[in-house]
Amino acid sequence: MEALRNINEALTYLKQGEIITSSGKDRFVLKNEKVCRYDEGTRFILNIEDFISLYGQNRFYLLEETAEIDETKDEAYYRYYRK
C-alpha cells in the first residue's frame, strides 16, 4: 500500500475513482460527490467537508487490491477425469 501525504492527496485519488484506506480494513470511495466509508459490514456516507473535518489528521493509504490465483486449486477444479 502506498502512503498518501495528506487529506488533499487522498481526495484527489478518491476523485479519480481509487479506493483508499486508513487501517487496511476500512475502505473509502467517492460516490455522487459523497465519501462512503465501509468497515466491517457498516457503511457511513459523509459529504466532503465532513470527511475533511473528521479524517483530516488521519494517515491514508492507496489500496491496491490484487487478485491472487492459486494455480493448484485451479488445476484441480478444471482437471478432466475419465469415468
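See the structure printed just above.
First, a word on scope: everything that follows refers to the structure included in this document. (Residues numbered from 1 in each chain as written. Predicted model: local features only at pLDDT ≥ 70, side-chain atom pairs only at ≥ 80, totals over all residues. Heavy atoms only, no water.)

Moving on to the pattern of salt bridges. One pass over the full model with this rule turns up three salt bridges. The residue R37 makes a salt bridge to D26 at a minimum N-O spacing of 3.4 Å. One end of the pair, R37, is in strand β4 (residues 34-39); the other, D26, is in the loop between β2 (20-21) and β3 (27-31), and 11 residues separate them in sequence. Accessibility classification places R37 together with D26 in one group, the buried group. In this structure, D39 engages R37 in a salt bridge whose closest nitrogen and oxygen atoms are separated by 3.3 Å. No difference in accessibility class separates D39 from R37, as the two residues are buried. Taken together, the salt bridges that share partners define one network made up of D26, R37 and D39. (Salt bridge = Lys/Arg side-chain N within 4 Å of Asp/Glu carboxyl O. Helix = DSSP H or I, 4+ residues; strand = E, 2+ residues; numbered from the N terminus. Buried < 20%, exposed > 50% of the residue type's maximum accessible area, 1.4 Å probe, protein only.)

For the rest of this paragraph, the subject is the packing of aromatic side chains. A ring pair, where both rings are aromatic, is described by two values, the distance of the centres and the angle of the planes. Using the criterion set out here, one finds six aromatic pairs in the structure. Each ring, one from F28 and one from Y55, has its centre 5.2 Å from the other, and the planes form 75°; the classification is edge-to-face. Of this pair, F28 sits in strand β3 while Y55 is found in helix α2 (residues 48-55), placing the two residues 27 residues apart along the sequence. Residues F28 and Y55 agree in their burial class; the two are buried. Within the aromatic cluster, the residues linked to one another by ring pairs are F28, F51, Y55 and F60. (Phe/Tyr/Trp six-rings, centres within 6.5 Å; stacked < 30°, edge-to-face > 60°.)

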